[in-house]
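What follows is each chain in one-letter form.
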Amino acid sequence: MRIASLCVSLLSLFIGMGACSSGPALSRATGFAYEVVVVMDQEVWNGPAGEAVKSELASDVPGLPQYEPSLKITYVPPKDFSGLFEYVRNILVVTIDSTRYTKVSLGYENDVWARGQVVLTMRAPNAKSIVEFSETNKNALVDFFVKEEIDRAVGQLKEEYSSVVMENLKSNLDVELNAPANFIYYKDTTDFFWSSNNATTGRMDLVVYTFPYTDPDTFTADYLVAKRDSVMKANLPGGHPGSYMQTEKRAGVEYEPITLQDKYCGLMRGLWRMEGDMMGGPFVSVARLDERNNRVVVAEGFVYAPETNKRNYIRRMEASMYTLRLPGEFGQPESEK
């Protein structure tokens, strides 16, 4: 699945989109997921423009119980940008030149120095224009790199996934979803499927459930949260007698309409808690209308990782949710906007 790099309203800001390097990549890109190298003049980096870029790239990941930066930043001045730095998977190059540029523009290239690499270039006439751009186009940079990483995760899931999850969902709920390969534990009941990696550290779970489409207000946060709570209470009891999963409403829930497989989809993020127990963590879900069967299909991933960073876990689950395919979409390439 190729996730669009930015929303349509920002596409006009990019130049040279998708251009490839003229020569073959020398090796596979290095570095960990959600890390970015920023190349910028040191004077600019230490000033307001650099602060604006740093603040955005390290902004808080939405839907987590504690602060975690969206990206880990490594700063490199242009004179030192060579060698191993050129092989990092995510690179942002900031170029300021008042004789060549009149406004801020963005462009990217893939596989410039390594396979699987993306290099985003910001061109600006001066440092002040970068600050103004950051204020006007909030999250343009961080959204680009986050979605590139989710693209990579989806690509990996297409190559290596849990056959247990795929086969059970296809035969019992008539949907497809690529879950991480280590999801081998599962429970399957009528209209409800649960699976997990059952890890002692960084536990990830997913559920897929369906219900009849009868209410035009289904695709709202209030409706989907209420449905979520009723389904989880009935199907996911806790370890203590009388305990069950619920949505943590005090933290609020984010609901965002997106398109998945070129159809409307409700994306929801929030926190879950175990009523009657001390467990909790983040969740992300997608809800889609299966028109052929007049039902709503919800796929959700949630994470339990106490005292551990949760960013990479929940984003891996988000990537998995984007692979959800309904009847009529099997075998088609994934698309999300």
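Along each chain, residue indices are assigned from 1 in the same order as the chain's sequence is written. In view of the model being predicted, local features appear only for residues whose pLDDT reaches at least 70, and side-chain atom pairs are presented and counted only at 80 or more, with totals across whole chains, interfaces and linings using the full set of residues. Values reported for side chains reflect all heavy atoms of the structure, with hydrogen atoms and water molecules removed beforehand.

Draft legend 1. Structural detail: the nonpolar core. For the purposes of this section, nonpolar cores are sets of buried Ala, Val, Leu, Ile, Met, Phe, Trp, Tyr and Cys residues that join through side-chain atoms within 4.5 Å. Type-normalised accessible area, obtained with a 1.4 Å probe on protein chains alone, sets the label of each residue: buried when under 20%, exposed when over 50%, and partly exposed for intermediate values. Counting residues in hydrophobic clusters, the biggest one holds 61 residues, and the most contacted among them are Leu57, Leu92, Met122, Phe145, Leu177, Leu206 and Val208. Only DSSP runs of H or I reaching four residues or more are called helices, and only runs of E reaching two or more are called strands; each is numbered from the N terminus. Looking at this core, the element that brings in the most residues is helix H4 (residues 140-159), giving ten residues. Two residues form a contact once any of their heavy atoms are found within 4.5 Å. Excluding residues that lie within four positions of it along the chain, Phe145 makes contacts with Val36, Leu57, Leu71, Asn90, Ile91, Leu92, Val118 and Leu120. Counting residues in each nonpolar core, the second largest holds 20 residues, with Phe192, Tyr209, Val231 and Phe302 among its members.

Draft legend 2. Broad picture of the environment of Thr30. Structurally, Thr30 is set in the loop between strand S2 (19-20) and strand S3 (35-39). Look at Thr30 and you get partly exposed, because its relative accessible area is 38%. Considering only alpha carbons, one finds Thr30 and Asn137, 107 residues apart in sequence, at a separation of 29 Å. Once you skip the residues sitting within four places of it in the chain, Thr30 turns out to touch Leu84, Tyr87, Val88 and Arg89.

Draft legend 3. Here's a closer look at helix H2 (residues 48-57). Within H2, the full set of buried residues consists of Ala49, Gly50, Ala52, Val53, Glu56 and Leu57. Each buried residue of H2 sits inside an arc of 160 degrees when the element is viewed along its axis, so together they form one side. Summarising the geometry, the arc corresponds to the directions from the helix axis toward the C-beta atoms.

Draft legend 4. Quick peek at the environment of Met245. Note on placement: Met245 falls in strand S11 (residues 244-247). Discounting residues that sit within four places of it in the chain, Met245 has contacts with Arg228, Asp229, Met232, Lys233, Leu236, Trp272, Arg273, Met274 and Phe302.

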